[in-house]
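Secondary and tertiary structure notes
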Amino acid sequence: MLLISVLMLVSVAFYIVTERKGLGMLQLRQGPNKVGLKGLLQPIADGVKLFTKEMIFPYSANKALYIIGPLICFICAYALWVLFPSECSSVQLGLGLLFFLCVSSFSVYGVFMVGWSCDSRYGFLGAMRAIAQSISYEVFLSTCLFCPLILVGSYNLNHCRSVDFPIVLVGQEVLVLWIICVLAETNRAPFDFVEGESELVAGYMVEFGGVGFALLALAEYSNMTFMSMLTGCLFMGYKLSESVYSSVMFALYMVVISYFMVWVRGVVPRFRYDLLMGLCWKVLLPLSICMFMVFSGLLLDVDSL
């Protein structure tokens, strides 16, 4: 577990640089290219800069919550990696995906503390947007999550790796809904209203710098990486433990989905906030419930045979 957490910290640091360089290519500019060969050492430079800066508290901030908020976001983000489906892992959670839902819901408290403790109207409005968006899309996410789990028959993420066929073959529609939900849950474009630069500057983390900002950034990009891994397990998992080739394919799926989030940010404009909430409650949630009923009926048909 410790090794996975360290590897994820390193991969998330390089993921941030990959996004910056990817957006640079999409916008016809260089991106980071000064530190090391083609900017490969940029994560080290950013880490040293952020973790050596002085931590400054806003005058009217609640100092205890100002420190605890980023820590809760960071701990919740990296606690999810205990679910990483590896045969070498010493922890096998039978109800792992329920643990995922609980932790992802609890992380809302960290976001609220971050936005409220700094005593800034922009940070508070960003936190309120994030909480409303996360709670709304949690319902939609749960419904989409249960669709492939009906066919798997287990909440254990390792069992999703050993199904007889990739679930994407019968669940393309659910995959599309799931990807939309992943973008909304991780506050990515076109649903990045939490960090609407033209409205809220940087959202709930606007008053944070140095270590606090580093923890929040690592938590956000760790969530993106985890959701990419979870997407690969749920929809592309196919007896991954049987060969090196299938494990390499799984890693490739994870990289492609992660870069897809970067590509969406570079080419899709931001929605209006009221359209986001209406899309969730009026369109996506009814569609996901219908797909859940279809998958339930599919399971009943298979059982009757």
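It should be emphasised that the depicted structure is a prediction, and the values quoted were computed from it without experimental measurement.

Topic: the pattern of salt bridges
Under the defined criterion, the tally for this structure stands at four salt bridges. A salt bridge links R265 to E19; the shortest N-O distance between them is 3.0 Å. Residue R265 is found in helix α10 (residues 244-267), and its partner E19 is found in helix α1 (residues 2-26); the two are separated by 246 residues along the sequence. Overall, R265 belongs to the partly exposed group, its relative accessible area being 33%. Judged by its relative accessible area of 2%, E19 falls in the buried class. A salt bridge links R20 to D46; the nearest nitrogen and oxygen atoms lie 3.0 Å apart. Of the two residues, R20 sits in helix α1 while D46 sits in helix α2 (residues 42-52), which places them 26 residues apart along the sequence. Owing to a relative accessible area of 35%, R20 belongs among the partly exposed residues under this scheme. For D46, a relative accessible area of 18% corresponds to the buried category. Here the salt bridges do not stand alone but share partners, grouping E19, R188 and R265 into one network.

Notes on the nonpolar core
Here is a general trend for soluble globular proteins: nonpolar side chains tend to be buried in one another's company. One finds F100, W178, Y204, F226, L230 and L234 to be the most contacted residues of the largest nonpolar core, which totals 80 residues. In terms of residues, this core owes the most to one element, helix α9 (residues 211-236), which gives 14 residues. Look past the residues within four positions of L230 in its chain and what remains in contact with it is L97, F100, L157 and W178.

Structural notes on the UniProt feature "transmembrane region" (unreviewed entry) in the protein
Here the UniProt-annotated "transmembrane region" (unreviewed entry) positions come out as residues 64-83, 95-115, 135-155, 167-186, 201-222, 243-263 and 283-302. Annotation note: span residues 135-155, helix share 86%, strand share 0%, distance between end C-alpha atoms 22 Å.

Things to note about unusual backbone geometry
At K38, a position not held by glycine, the phi torsion is positive, near 55 degrees. With respect to the helices and strands, K38 occurs in the loop between α1 and α2. Not every positive phi belongs to a glycine, and N187 is a case in point at roughly 60 degrees. In this structure N187 comes out as buried when scored by relative accessible area, which is 16%.

Some points on a nonpolar patch on the surface
A cluster of nonpolar side chains, namely M25, L26, Y259, F260, W263 and V267, defines an oily patch on the protein surface of about 540 Å² accessible area. Elements with a minimum of two residues in the nonpolar patch: α1 and α10. Per-element accounting of the nonpolar patch gives the leading share, four residues, to α10. On the secondary structure map, L26 appears in helix α1. A residue is classified by how much of its surface remains accessible, and L26, at 33% relative accessible area, is partly exposed.

Some thoughts on the packing of aromatic side chains
Under the defined criterion, the tally for this structure stands at 14 aromatic pairs. Between F74 and Y78 the ring centres are 4.7 Å apart and the planes differ by 40 degrees, which places this aromatic pair in the tilted class. Here the residue F74 and the residue Y78 both occupy positions in helix α3 (residues 63-79), the gap between them amounting to four residues, near one helical turn. Just as F74 is buried, Y78 falls in that class too.

Conventions adopted
Residues numbered from 1 in each chain as written. Predicted model: local features only at pLDDT ≥ 70, side-chain atom pairs only at ≥ 80, totals over all residues. Heavy atoms only, no water. Salt bridge = Lys/Arg side-chain N within 4 Å of Asp/Glu carboxyl O. Helix = DSSP H or I, 4+ residues; strand = E, 2+ residues; numbered from the N terminus. Buried < 20%, exposed > 50% of the residue type's maximum accessible area, 1.4 Å probe, protein only. Core = buried A, V, L, I, M, F, W, Y, C linked by side-chain atoms within 4.5 Å. Contact = heavy atoms within 4.5 Å. UniProt positions renumbered as here; feature names shortened; annotations may be inferred. Patch = residues over 30% accessible without salt bridge, like charges linked within 9 Å, V, L, I, M, F, W, Y side chains within 5 Å. Areas by Shrake-Rupley, 256 points an atom, 1.4 Å probe, with all protein chains shown as cover. Phe/Tyr/Trp six-rings, centres within 6.5 Å; stacked < 30°, edge-to-face > 60°.

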